[in-house]
Amino acid sequence: MDSVFGKLSKEDFLANYWQKKPLVIRGAFPDFEMPFTAEELAGLACDTDAPSRMIIEYGLPPENKPWQVKVAPFEDEDFTTLPDSHCTFLVNDLERYIPELGNIIEPFRFIPDWRIDDLMVSYAEDQGSVGPHTDDYDVFLIQGQGKRRWKVITREDYNKVLIPDLPIAILKEFDEDEDWLLETGDMLYLPPNTPHYGIAEGACFTFSVGFQAPRTVDLVQNWLETFSKDATFNKRFTDKNRTLQSNSGEITQNDLEILSSMMLNAIKDQQSGLNVFLGKQLTETRGETPQADDYLDDFELDDQVDYERESWLRLAYIEEKNTIHFFADGHHLALASDKKSAIQKLCENYYFTAESLKTLMASYEFRDFFKVLIKEGGITVAS
Ligand code: SIN
Ligand code: CO
């Protein structure tokens, strides 16, 4: 596919817009065709556990409260009783449930896979919107069918106050300095924390490619958890060289030093494993952890067939000296660096021919690793 940025190069986009300022690209997806109808989307929400929600601006009786939110599970009646304007229905993780839609994400894979979160779609009736708000992640908003007006604040000094007591975060004041009407195939990029307000003009579909940006606290907490049982972390404070102190209330500099070195040294000892931790963490699938299928316990790998990767299975690698650390959904495998190009191809593609897997299949460690991915459903024999 041609670049969705038209004449703008990906390098220019990264240098001038990514995480910096909004960008509208007209006709980014020329001849865009909706892959499903509103009824089919409602069917998907009813029949699967895809995370979905409805946002109704003027609420529904009996509450009649503004900005009411209904979350999955949904039934047919939830859709037949909806007002015919000012409401939006949103479904996340679409690429997991309709793998072909991976082709909407594909043009954005010049940003590394581990940064890409999911594909969301919204279906709005006329004037439907999720209200003026900010998101703390980057997003590409692609207009599917119909039209949506995007009002955007590009200034940093906007009023951040939210309307109190609402189930969703809606900005109290919104005075936009940009106003773009997006039509089918047009795209809007928004950096994190850019106030935006998208209002449907007639019924419309909007796709969002959202990105993940890990929070420091989550990384640190999860990292600590991986070694909290290690001996160095379970050692207790000792003070056999204690000398007499004049006031029993004082925590002395000497004690503080022992305590802080005990903590910092234990962490320092773990630093060599930090990259592997990050590789595992960043490829881990959100939501439910796939369960190994016990029926596949004794299966043999067939080297003659092609395999496919499910769109939710995140693969990544880290290159380190003579080792390629390969990661898949939180699992890790260290391989010799002569496997680099084979691992790179694996990470790039979703379809693996028997021929393309040959080098890797020669490694017993890789075979075992691959079998785990098959057992967890991330890899399947190609149909
Ligand atoms: C929408 O598609 O209606 C909402 C997307 C967003 O504002 O982030
Ligand atoms: Co938003």
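Residues numbered from 1 in each chain as written. Chains lettered and ligands numbered in written order. Predicted model: local features only at pLDDT ≥ 70, side-chain atom pairs only at ≥ 80, totals over all residues. Heavy atoms only, no water.

A. Molecular detail of the sheet that holds strand β9 (residues 187–190). Pairing is antiparallel across the open sheet formed by eight strands, whose spatial order is β1-β9-β6-β11-β5-β4-β2-β3. A single partner strand is all that each edge strand has here, and the edge strands are β1 (23–25) and β3 (68–71). The mean angle between the axes of side-by-side strands here comes to 20°, regardless of whether they run parallel or antiparallel. Here helix α2 (residues 38–47) sits on the sheet and contacts β2 (52–56), β4 (87–91), β5 (116–124) and β11 (204–211); the angle it forms with β4, its principal contact strand, is near 55°. (Pairing = 2+ DSSP bridges. Helix = DSSP H or I, 4+ residues; strand = E, 2+ residues; numbered from the N terminus. Axes fitted to C-alpha atoms, helices over the stretch in contact; angles between N-to-C directions. Contact = heavy atoms within 4.5 Å.)

B. How the structure looks around the site of ligand 1. Within the structure, ligand 1 sits among Ser 122, Val 130, His 133, Asp 135, Leu 141, Arg 148, Trp 150, His 196 and Thr 206. Within the side chain of Arg 148, an N or O atom sits 3.4 Å from an oxygen atom of ligand 1. The side chain of His 196 places a nitrogen or oxygen atom 3.2 Å from an oxygen atom of ligand 1. Considering ligand 1 on its own, with 260 Å² of exposed area, one finds that the protein chains cover 95% of that surface. Residues belonging to the shell around ligand 1 are distributed by class as follows: three nonpolar, four polar and two charged. (Near = heavy atom within 4 Å. Polar contact = N/O pair within 3.5 Å; in protein donor to acceptor, adjacent residues only side chain to side chain. Areas by Shrake-Rupley, 256 points an atom, 1.4 Å probe, with all protein chains shown as cover. Nonpolar A, V, L, I, M, F, W, Y, C, P; charged D, E, K, R; others polar.)

C. Fine view of the domain arrangement of the protein chain. As assigned here, the protein chain comprises domain 1 (10–211), domain 2 (216–274) and domain 3 (284–381). If you average the C-alpha positions of domain 1 and of domain 2, the two centres end up 46 Å apart. (Domains from an automatic or database assignment.)

D. Local environment of the packing of aromatic side chains. Overall, the coordinates contain 29 aromatic pairs when judged by the stated rule. Centre to centre, the rings of Phe 13 and Tyr 189 are 5.1 Å apart; their planes meet at 85°, and the pair counts as edge-to-face. Taken as a pair, Phe 13 in helix α1 (residues 10–16) and Tyr 189 in strand β9 lie far apart in primary sequence, 176 residues in all. Ring geometry for Phe 326 and Phe 369: centres 5.4 Å apart, planes at 50°, overall tilted. A residue pair is termed long-range when its members are at least 10 positions apart, and Phe 326 in strand β14 (residues 323–328) and Phe 369 in helix α12 (residues 364–375) qualify at 43 residues. Of the residues examined, Phe 326 reaches a relative accessible area of 1% and is grouped as buried. Here Phe 369 falls in the buried class, since its relative accessible area comes to 9%. Just above the ring of Tyr 158 sits the side chain of Lys 160; from NZ or CZ to the centre is 4.4 Å. (Phe/Tyr/Trp six-rings, centres within 6.5 Å; stacked < 30°, edge-to-face > 60°. Buried < 20%, exposed > 50% of the residue type's maximum accessible area, 1.4 Å probe, protein only. Lys NZ or Arg CZ within 6 Å of the ring centre and 35° of its normal.)

E. Molecular detail of the packing of helix α6 (residues 216–227) against helix α9 (residues 274–283). Packing of α6 against α9 brings their axes to within 11 Å, and their N-to-C directions diverge by 115°. The hand of the α6/α9 crossing is right-handed. Taking contact as the criterion, the partners of Leu 219, Asn 222, Trp 223 and Thr 226 in α6 are, on α9, Leu 274, Phe 277, Leu 278 and Gln 281. Residue composition of the contact of α6 with α9, grouped by class: five nonpolar, three polar and no charged. (Left-handed = near helix turned anticlockwise from the far one by under 90°.)

F. Focus on the packing of helix α11 (residues 354–361) against α12. As a packed pair, α11 and α12 sit with axes 8 Å apart at the nearest point and diverge in direction by 125°. Between α11 and α12, the angle falls in the class oblique. When α11 is examined against α12, the residues Leu 357, Leu 360 and Met 361 are found in contact with a partner set consisting of Phe 366, Arg 367 and Phe 370. Its residues assigned to classes, the contact of α11 with α12 comprises five nonpolar, no polar and one charged. (Parallel < 35°, antiparallel > 145°, perpendicular 65-115°, else oblique.)

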